[in-house]
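Commentary on secondary and tertiary structure
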Amino acid sequence: MTQFPIDKIRNDFPILNEKIRNKPLVYLDNAASSQKPNVVIDCISHVYRHDYANVHRGVHTLSVRSTDKFEGAREKIKDFINAESGKEIIFTKGTTESINLVAQSYGKANIKAGDEILISAMEHHSNIVPWQMLSEQTGAILKVAPINLRGELILDEFIKLIGDKTRLISIAHMSNALGTINPVKQIIAAAHHKNIPVLLDGAQAIPHMPVDVLDLDCDFYAFSGHKLYGPSGIGVLYGKQALLESMPPYQGGGDMIRKVTFEETEYNTLPYKFEAGTPSIADAIALGAAIDYLNEIGMGAVAVYEAELLDYATEQAKKIKGLRIIGEAAEKGAILSFVLDKIHPHDIGTMLDSLGIAVRAGHHCAMPVMDFFEVPATARASFAIYNTKQEIDVLMNGIESLIEVFG
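Attention in this report is confined to the structure presented alongside it. Note that the structure is a prediction, hence the values are computed from the model and not measured.

Conventions we followed
Residues numbered from 1 in each chain as written. Predicted model: local features only at pLDDT ≥ 70, side-chain atom pairs only at ≥ 80, totals over all residues. Heavy atoms only, no water. Helix = DSSP H or I, 4+ residues; strand = E, 2+ residues; numbered from the N terminus. Rg over C-alpha atoms; globule rule 2.2 N^0.38 Å. Buried < 20%, exposed > 50% of the residue type's maximum accessible area, 1.4 Å probe, protein only. Contact = heavy atoms within 4.5 Å. Areas by Shrake-Rupley, 256 points an atom, 1.4 Å probe, with all protein chains shown as cover. Lys, Arg positive; Asp, Glu negative; His and termini not counted. Charge placed at Lys NZ, Arg CZ, Asp CG, Glu CD. Pairing = 2+ DSSP bridges. Axes fitted to C-alpha atoms, helices over the stretch in contact; angles between N-to-C directions. Expected span 1.5 Å × (residues − 1). Salt bridge = Lys/Arg side-chain N within 4 Å of Asp/Glu carboxyl O. Right-handed = clockwise from strand over helix to strand, strands pointing away. Parallel < 35°, antiparallel > 145°, perpendicular 65-115°, else oblique. Left-handed = near helix turned anticlockwise from the far one by under 90°. Nonpolar A, V, L, I, M, F, W, Y, C, P; charged D, E, K, R; others polar. Core = buried A, V, L, I, M, F, W, Y, C linked by side-chain atoms within 4.5 Å.

1. So, the overall build of the protein
When its secondary structure is counted, the protein shows 14 helices and 17 strands. For 407 residues, the compact-globule formula gives about 22 Å, and the C-alpha radius of gyration of the protein, at 22 Å, lands near that figure. With respect to the principal axes defined by its C-alpha atoms, the protein has extents near 75 × 55 × 40 Å. Within the protein, the fraction of its 407 residues that count as buried is 56%. Pairs at least 24 residues apart make up 71% of the contacts formed inside the protein by residues separated by at least 6 positions. Total accessible area on the protein is roughly 17,500 Å²; 50% of this is exposed by carbon and sulfur atoms. Distance from the positive charge centre (38 side chains) to the negative charge centre (50 side chains) of the protein: 2 Å.

2. Details of the sheet that holds strand β13 (residues 323–325)
Strand order in this open sheet of four strands is β13-β14-β17-β16, and the pairing throughout is antiparallel. Strands at the two margins of the open sheet, each flanked by one partner only, are β13 and β16 (360–362). Going across the sheet, the axis of each strand differs from the next one's by a mean of 30°, ignoring polarity. Across three bridges, β16 lies against strand β17 (residues 378–382) in antiparallel orientation. Residue R360 lies in a different strand from β17, and its bridge partner there is R380. The strands touched by helix α11 (residues 299–317) are β13 and β14 (335–340); relative to β14, the strand with the most contacts, the crossing angle is about 15°. With respect to the sheet, helix α14 (residues 389–406) is in contact with β13, β14 and β17, its orientation differing from that of β14 by roughly 10°.

3. Points about helix α10 (residues 281–297)
Here α10 is 17 residues long and its end C-alpha atoms lie 25 Å apart, about the 24 Å a rise of 1.5 Å per residue gives. Backbone geometry just after α10 places G298 at a positive phi near 95°.

4. Description of the pattern of salt bridges
Taken as a whole and judged by the stated rule, the model has 21 salt bridges. Here the salt bridges do not stand alone but share partners, grouping D29, R360 and R380 into one network.

5. As for the pairing of strand β7 (residues 166–172)
Side-chain positions along a regular strand alternate between the two faces of the sheet. Counted residue by residue, β7 has six buried out of seven residues, so it is predominantly covered. Note that strand β5 (residues 116–120) and β7 share three bridges and pair parallel. When the bridges of β7 are listed, I117 appears paired with L168. Of the strand pairs in this sheet, β7 and strand β8 (residues 198–201) are connected by four bridges, and their pairing is parallel. Each bridged residue has a counterpart across the sheet, and for I171 the counterpart in β8 is L200. Between the parallel pair β7 and β8, the chain is carried across by helix α7 (residues 184–192), and the sense of this crossover is right-handed.

6. Some remarks on unusual backbone geometry
One can expect most non-glycine residues to show negative phi and most peptide bonds to be in trans. The amide bond that connects L270 to the next residue, P271, takes the cis arrangement and shows omega of 0°. Its location among the elements puts P271 in the loop between β12 (265–267) and α10. Backbone geometry at H364 places phi at a positive 60°, although glycine is not the residue there. Counting through the fold element by element, H364 comes out in the loop between β16 and α13 (367–373). Although it is not a glycine, C365 adopts a positive phi angle of roughly 55°. On the secondary structure map, C365 appears in the loop between β16 and α13. Judged by relative accessible area, which is 34%, C365 ranks as partly exposed.

7. Considerations on the packing of α11 against α14
Here α11 crosses α14 at 25°, and the two axes come no closer than 10 Å. When the axis of α11 is compared with that of α14, the two are roughly parallel. In this structure, α11 crosses over α14, and the sense of that crossing is right-handed. Contacts from E308, L309, Y312, A313, Q316 and A317 of α11 reach α14 at K389, I392, D393 and M396. Looking at the contact of α11 with α14 residue by residue, the class counts come to six nonpolar, one polar and three charged.

8. Describing the pairing of β14
Burial of β14 is extensive: six of the six residues sit out of reach of the surface. What you see with β14 is no split at all: I335, S337 and V339 on one side and L336, F338 and L340 on the other are buried throughout. Here β13 runs beside β14; their pairing, made up of three bridges, is antiparallel. Residue L323 lies in a different strand from β14, and its bridge partner there is L340. In this sheet, β17 lies alongside β14 in antiparallel orientation, the contact comprising four bridges. Along β17, the bridge assignment pairs I335 with S382.

9. Looking at the packing of helix α2 (residues 38–51) against α10
Viewed as axis vectors pointing N to C, α2 and α10 meet at an angle of 145°, and their least axial separation amounts to 9 Å. Crossing geometry of α2 relative to α10 is assigned as right-handed. Across the interface between the two elements, V39, V40, C43, I44, V47 and Y48 of α2 pack against A282, D283, I285, A286, A289, A290 and Y293 of α10. Across the contact of α2 with α10, the residue classes tally to twelve nonpolar, no polar and one charged.

10. Topic: the environment of V40
Along the chain, the position of V40 falls in helix α2. It is 9.7 Å that separates the C-alpha atoms of V40 and D292, two residues lying 252 residues apart in sequence.

11. Some words on the nonpolar core
In a soluble, globular protein the nonpolar side chains are often hidden away together inside. One finds I81, Y221, F383 and I385 to be the most contacted residues of the largest nonpolar core, which totals 108 residues. With twelve residues, α10 is the largest single contributor of residues to this core. Discounting residues that sit within four places of it in the chain, F383 has contacts with L28, N30, H208, E306, L309, L310, A313, A334, L336 and I392.

By themselves, these observations are geometric and do not establish any function.
Shown next as C-alpha cells:
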C-alpha cells in the first residue's frame, strides 16, 4: 500500500501554520467544520477575480464561464457519490436545508395524519426538528429507534418499528456526537421491502469514507460542503430522479421557473426546480475543487488512515484514569467523544485551547444523545486527513495536565 502523503497534505492547509496562544495549532474540531486546502481557497479567489457572473441567465462570456464551472461542479459531485444523473444533484445551503427540503416537499405531499416517520435516538437536531415540524403540520407521528450504551443502533428494534404506517425513514449515516457508523444498507433494504423511502444524513460520513448512493440504494442523501474541505454555505441533496420529479418545489422564484404569468407558473426541470434564486456560485465551484483534491488522495486511503488515527487515539485515551469515552460502537468513524471525572467539558475545551488544541465542547446539536448517556455535554476530538498521531499525543498530554490542575 502507498504511504499516506501526510506531509504533503499538511502543507496544503495554510491554517495549520497558525499559532494559538503561542502554541502550534492542533485542530481537532473537524466534525463541526474542516479546514480548507489551498486549492479550495485559490479556487474561490479565482472565480471572483476572473470568472464571476450569474449563472444560467447570460449569454456573455463571464456568465458562460461561470455557468460551465458551476455545472461542472455538479457533475463532479454526481461522480463522487456515483449518482446516475446530474439532475439528481440539488445545490442547497447545507445538510440542514437539504433535510428541510425533503420534509417540506416530499413530506407535505406524501405524509398525513396518523402516518409515521422513523428516526434514531442518535440524530443531530437537523434530523429531528424538521420531522417534528412536519409532524405538527400534518398530524404524523415521529418514532424514535433506541440505541445501546455503546452508542450503537439496536438494529432489531429499529426493524420492528418499520410498520404499515411508516412513510419515511431518516437516519444518520454516521453520528456526529458518537462517531457510530450505522448499518444503513440493511435499514434501506428492510425499508424498501415495504416501499418506504430512506433519507441518509451524510454530513459526517461523506468526508471520511467512500459513498456510493447506487450501492446504498438510498432515496435521498444530504451533506454539506464545509465538512468536506469545501466552503460553508453550500450543500447537496441527492435524490432519486423519479422521486424528485414527483415532488413540488420547496421555494419559489428565480431559476426554478420556466414561465410566469399572474395566473400560473410553469416550473423548471430538474435540478433547477429546487434551486430558487441566485445560488452560491463560487462556493459550489470550490466544492468541486475540494472533491478533485479528495479524489487525488482517494477516499479509500482516507478511510484507512483515519481509522488508524481513531484506533491510536482510543488506545491512548483508555490509559487515562478518569476519562470515559462516550460512544464505543464496533463500527465507528474518526470521532472521540469523552468526559472527565469532576471536570466540565467546557472547562476541558477552554483549558485545551490554552495549549493550542481545538476540540468541541457541548451537546454537539445532539441533546437527546447527552440525555441518554446522562451527561450535560462531552468534549469531542474529531480527526481529519491532516491530523497526526503526534497531535493525538499533544491532546493526551493536554488532558493529563488539566487533570493535574483540577486535582
